[in-house]
Amino acid sequence: MSDAPSDEGFAYWSLPVEELLRRVGGQGGAAGLGAPEAAARLARDGPNAVHVQRQATLAQLALRQLSSPLVLILVAGALISLFVQDWWDAVAILVIVAGSAALGFAQEVRATAAMARLRERLALTARVRRGGRVLAVPASTLVRGDIVELAAGNLVPADGVLLEARDFLVVEASLTGESLPVEKRAGSVRADAPLRERLNCAFLGTSVRSGTASFLVVRTGGRTALGDVASRLAQPAAEGDFGRGVRRFGEMLVRVMLGVVVAVLVVNQWLGRPLIDSLLFAMALAVGLSPELLPAIVSVSLAGGARRLAAGGVLVRRLEAIEDLGGMDVLCTDKTGTLTVGVMALERAIDAAGADAPEVLHTAFLNAAFETGIDNPIDTALVAAGERAGLATTGWRKVDEIPYDFVRKRLTIVVEAAAAVDDDACGAAAAQGEPGAAPVPQAPGAPGPTRRMIVKGATAQVLAICSHVAEGGGAAAAPLSAGRREALAAIVRAHGERGVRVLAVAVREVQAQPHYALADEAGLTLAGFLLFADPPKPEAAATLAQLAARGVRVKILSGDNRHVAAHVGAALGLDPERLLTGETIAGLRDEALWHLAETTDLFVELEPAHKERIVRALQRRGHAVGFLGDGINDAPALHAADVGISVDQAVDVAREAADLVLLAPDLARLLAGIEEGRRTFANTMKYIAITTSANFGNMVSMALAAPLLPFLPLTATQILLNNLLSDLPSMALAGDDVDAAELERAQRWNVAEVRRFMVAFGLTSTLFDLAAFVLLLRVFDAQAPLFHSAWFVLSLLTELAVVLVLRTRLPAWRSRPGALLLVATGAMALAALALPYLEPLAGWLGFVPLPGFLLAAMLALTLAYALATEGVKRALRPAAVRDSR
């Protein structure tokens, strides 16, 4: 087995390929490593990852439950109780902490396992030679000495040297800042060449724009150029909108908690209460305000949403993107495959006069069959049509290729007749009408048998390099005059207006030379046109209407001809008059585009940079923008969008840039994803709003009662137990039913609304608590144990009741809660009523049985509180109430 030496300080780019294969490659040489050798190197060098994303162990998940500042406050309280030998309080606090941690631990174990399965499903793969065969393996398993096959759209998975390259253009902006593609070729460069001059190398993190290549992996993971930069410039991931909202919410709670601790401690000391009891009470109040299960609720909600989305064909690469999807109000998408059937079918091949032309089909077939760059449905359709017509590449040999790119919008192939082909026989066969042997039109004055350049692409871009047009019936090619150009444009427009995509085919006889460049694409003869049909999906118009009903406006961003896009847009219910071309956009200032982007439905004939500009213009106007793309040129727009969406069949660079991946290019799946995103976000916000308002009310009540009562309204242990039992049903909110109205509008985090919600409903709760205090002290003359027992029951019952009232914007009786939530709430209500009667547990907790009249009074107060909360909800949300009638 060949064991590659360390490459530190080793200028591998300067060595001949043969020597490099000996030093780095395995025993298989150009055939690649054997499986045992690759496995040994992987075990020695580790995975090919700049940042190894390891799944949290069970121990780490358990410790995570105890690392929250809120939990640490509780533990500190338990330690204080131990210090003063208050053993029962210490044990009770620790038991409650353990119960809360166990609940969060169980949920996070499930969520972590689900996300690990999704990450494995979305792992980047590479085509690598192993033992003489080309296999698709996870990119993380690549090792030094592997030989990787690259093609347009791939992300380069490691650092290495090119062994072979054909028209290989690479975007290295992630390393060098250079936005234009760089052409790479096999060979060697000087040892002191800087990274941007190592034209024989490909580097991790760069992307292939066009062409094909095979390269030898020399450095992997953290030893790559990108890994070196990342280790020196490591920064945390950018904070998303959802994370930013959680942080701001936490900051608000911390400010309130600090104020509570200080105020309660000062007042209780002024009243001469014991310091330790006062400190424990103040800390319990502060902790009681916080929704301590929020991390678990968020994890469960998002992971559960991710599981449901995966079941519906939407894979989540970034969990917070679920919330972003729910908040999206504009979706930008290409039409091919998402709004149209996506299966290109060649309708006809015609000459410049519009007549069927088998020779044009044959010419285009050779171009498509020999293309090695970007896999695309057009070439697939051409090859299939040619094979049905009996065409083959037999007798032809490919000489060179100028790959397709998104600026030229054309593909050039240079071919020559194989030595075994008899030109006279081909001509005779063509005269008899045999398919596959028809002569290709030639420009006038072309020299004898040479090579043939075949160009296929967008009509405007192909006509721009043509000087002649082939006439039908075997006539000589004619000069391409201005009048003839207008006539050809009219043909293209007529087909486009009926939804047919038109490509042009041109040819030229060229002299033999080692390499052909863009400058050789000139003076061609237009052979004819290819007509492709890709009709709208039957259900697409209905899906767009459903998206619009949910507040999501769809805009088509396409590089296609304006007439075709307008036809498709009209068929889908979009306004074909609201159209902007790439040429117009290029001449607009950003300020003008900001305004036009909102009112435009169709953006056509676009170049890659235009898509990102449109996305940013819409964001500038306050929209949450989703972008659905699957091509090489879509990556910048996917990065810029609030939620980037790609498809499972997309090129690597697009899939890796996306937040969500659709298993099929179907907007119906995305519609379901939007609803799931809104459902997940709504349930998360339910927990936050309900818990903080209930806890805030209890906190204010106890803070006010503390200086007025001769005893604390609840012990620290009772406060924490109340908080835990009220939180248990709230875990079921993660899977609660959501009102249809919540799914019909985009939702964003609003801390101000949460604060308003907390204060309004919290103070409503406080008013009833104060009424209960008066009732207990004045009517029932309750002393500490009875007061604690009665108010514990009332406080817990009102918190449970408010969950059922505030979980919906509708009247509570018109919105059925989820079955699990209903069962959990009922179970906790029974527990609240039973606790004062359960000995010896009641005695340990400081509870005593409630007299019948007192219990009835607490139940009546609970019912009155629920009705009052419903009234306050109607006052704060009158629109929701009106909509429910």
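Residues numbered from 1 in each chain as written. Predicted model: local features only at pLDDT ≥ 70, side-chain atom pairs only at ≥ 80, totals over all residues. Heavy atoms only, no water.

(A) Structural view of the overall build of the protein. Secondary structure assignment for the protein yields 32 helices and 23 strands. Looking at the protein residue by residue over its 885 residues, the buried ones come to 53%. When the accessible surface of the protein is totalled, it reaches about 36500 Å², and 60% of it is carbon and sulfur. (Helix = DSSP H or I, 4+ residues; strand = E, 2+ residues; numbered from the N terminus. Buried < 20%, exposed > 50% of the residue type's maximum accessible area, 1.4 Å probe, protein only. Areas by Shrake-Rupley, 256 points an atom, 1.4 Å probe, with all protein chains shown as cover.)

(B) Focus on the sheet that holds strand β19 (residues 579-581). With mixed pairing, eight strands are arranged side by side in an open sheet as β8-β23-β22-β21-β9-β18-β20-β19. Pairing within the sheet leaves two strands with one partner each, and these edge strands are β8 (314-316) and β19. For this sheet the average axis-to-axis angle between neighbouring strands, irrespective of direction, equals 20°. Bridge analysis of strand β21 (residues 625-628) against strand β22 (residues 643-647) gives three bridges, and the strand direction is parallel. Within the sheet, the bridge partner assigned to F627 lies in β22 and is G644. The strands that helix α18 (residues 562-571) touches are β18 (553-557), β19 and β20 (602-604); relative to β20, the one it contacts most, it runs at about 160°. (Pairing = 2+ DSSP bridges. Axes fitted to C-alpha atoms, helices over the stretch in contact; angles between N-to-C directions. Contact = heavy atoms within 4.5 Å.)

(C) Summary view of the packing of helix α27 (residues 751-779) against helix α31 (residues 852-876). Running from N to C, α27 and α31 point in directions that differ by 155°, and their axes come no closer than 10 Å. Taken together, the axes of α27 and α31 lie roughly antiparallel to each other. Judged by the sense of rotation from one axis to the other, the crossing of α27 with α31 is right-handed. Contacts between α27 and α31 involve R756, A760, F761, T764, S765, F768, A772, L775 and L776 from the first element and L854, A857, M858, L861, A864, Y865, A868, T869, V872, K873 and L876 from the second. Class assignment for the residues of the contact of α27 with α31 results in 15 nonpolar, three polar and two charged. (Parallel < 35°, antiparallel > 145°, perpendicular 65-115°, else oblique. Left-handed = near helix turned anticlockwise from the far one by under 90°. Nonpolar A, V, L, I, M, F, W, Y, C, P; charged D, E, K, R; others polar.)

(D) Examining the pattern of salt bridges more closely. For the structure shown, the criterion picks out 38 salt bridges. Two residues, E183 and R185, come together in a salt bridge whose shortest N-O distance is 3.4 Å. Salt-bridge contacts for E675 lead to R550; the nearest nitrogen and oxygen are separated by 2.6 Å. Pair noted here: E675 is in helix α24 (residues 667-705) and R550 is in the loop between α17 (540-549) and β18, with a separation of 125 residues, a long-range link. (Salt bridge = Lys/Arg side-chain N within 4 Å of Asp/Glu carboxyl O.)

(E) Region of interest: the packing of aromatic side chains. One pass over the structure, following the stated rule, counts seven aromatic pairs. Relative to W13, the ring of Y12 has its centre 5.0 Å away and its plane inclined at 75°; by these criteria the two rings are edge-to-face. As far as the burial class goes, Y12 and W13 line up, both buried. On the numbers, 5.6 Å between centres and 70° between planes, the contact of F768 with Y865 is edge-to-face. With a gap of 97 residues between them, F768 in helix α27 and Y865 in helix α31 connect regions that are remote in the sequence. The class for Y865 is buried, based on a relative accessible area of 3%. Three or more aromatic residues link up through ring pairs in this structure, and these residues are F711, F773, F787 and W791. (Phe/Tyr/Trp six-rings, centres within 6.5 Å; stacked < 30°, edge-to-face > 60°.)

(F) Broad picture of the nonpolar core. Ranked by size, the top nonpolar core spans 62 residues in total, and within it L331, F603, F627, I645, L660, L667 and L670 carry the most contacts. Sequence-distant contacts of I645, that is, excluding residues within four places in its chain, are made with L325, L331, F627, L628, G629, L638, A658, L660, L662 and L670. Counting 34 residues, the second largest nonpolar core, distinct from the first, contains L709, L721, L725 and L835. (Core = buried A, V, L, I, M, F, W, Y, C linked by side-chain atoms within 4.5 Å.)

(G) Seen up close, the pairing of strand β13 (residues 451-458). Counting buried positions over the eight residues of β13 gives seven, a clear majority of the element. Both strand β12 (residues 410-417) and β13 contribute to a ladder of six bridges, which runs antiparallel. The residue of β13 that forms the bridge with V414 is M453. Across eight bridges, β13 lies against strand β16 (residues 500-510) in antiparallel orientation. Each bridged residue has a counterpart across the sheet, and for I454 the counterpart in β16 is V507.

(H) Structural view of helix α28 (residues 784-806). With 23 residues, α28 should cover 33 Å at 1.5 Å per step; its first-to-last C-alpha distance of 32 Å lies within 8% of that length. Of all 23 residues in α28, 20 are buried; the element is thus mostly enclosed. (Expected span 1.5 Å × (residues − 1).)

(I) Broad picture of the environment of D329. Secondary-structure assignment places D329 in the loop between α11 (321-327) and β9 (330-333). For the pair D329 and R550, spaced 221 residues apart in sequence, the C-alpha to C-alpha distance is 8.5 Å. Aside from chain neighbours lying at most four places away, what touches D329 is G551, V552, R553, H623, A624 and A746. Engagement of the side chain of D329 in a polar contact is seen with the backbone nitrogen of A624, the distance being 2.9 Å. (Polar contact = N/O pair within 3.5 Å; in protein donor to acceptor, adjacent residues only side chain to side chain.)

(J) Focus on the environment of R144. With respect to the helices, strands and loops of the structure, R144 is situated in the loop between β2 (133-138) and β3 (147-151). With relative accessibility at 5%, the residue R144 sits in the buried group. Each C-alpha atom of the pair R144 and V218 lies 4.9 Å from the other, and the pair is 74 residues apart in sequence.

(K) Seen up close, unusual backbone geometry. E839 connects to P840 through a cis peptide bond whose omega is 5°. Within the fold, P840 resides in the loop between α29 (819-834) and α30 (841-845). Positive phi, normally seen in glycine, also occurs at K409, with a value near 55°. Mapped onto the fold, K409 is located in the loop between β11 (396-402) and β12. Of note in the backbone geometry, E605 takes a positive phi value of approximately 55° without being a glycine. Here E605 is to be found in the loop between β20 and α21 (608-620).

(L) Spotlight on the side chain of E742. Position of E742 among the secondary structure elements: in helix α26 (residues 740-743). Residue classification places E742 among the buried residues on the basis of a relative accessible area of 11%. Among residues more than four places away in sequence, those in contact with E742 are R678, A682, Q747 and R809.

(M) Focus on a nonpolar patch on the surface. On the surface, V267, W270 and L271 cluster together into a nonpolar patch covering about 320 Å² of accessible area. As for its position among the elements, W270 is in helix α8 (residues 241-270). For W270, a relative accessible area of 72% puts it in the exposed group. (Patch = residues over 30% accessible without salt bridge, like charges linked within 9 Å, V, L, I, M, F, W, Y side chains within 5 Å.)

(N) How the structure looks around the packing of α17 against α24. Running from N to C, α17 and α24 point in directions that differ by 20°, and their axes come no closer than 10 Å. For the element pair α17 / α24, the angle class is roughly parallel. As for how α17 packs across α24, the hand of that crossing is left-handed. Residue-level contacts link T543, L544, Q546 and L547 of α17 to L667, A668, L671 and I674 of α24. Of the residues in the contact of α17 with α24, the class split is six nonpolar, two polar and no charged.

(O) Molecular detail of the environment of L275. Looking at the element boundaries, L275 is found in helix α9 (residues 275-289). In sequence terms L275 and L265 are 10 residues apart; their C-alpha atoms lie 8.1 Å from each other. Setting aside residues no more than four positions away along its own chain, L275 makes contact with L265 and Q269.

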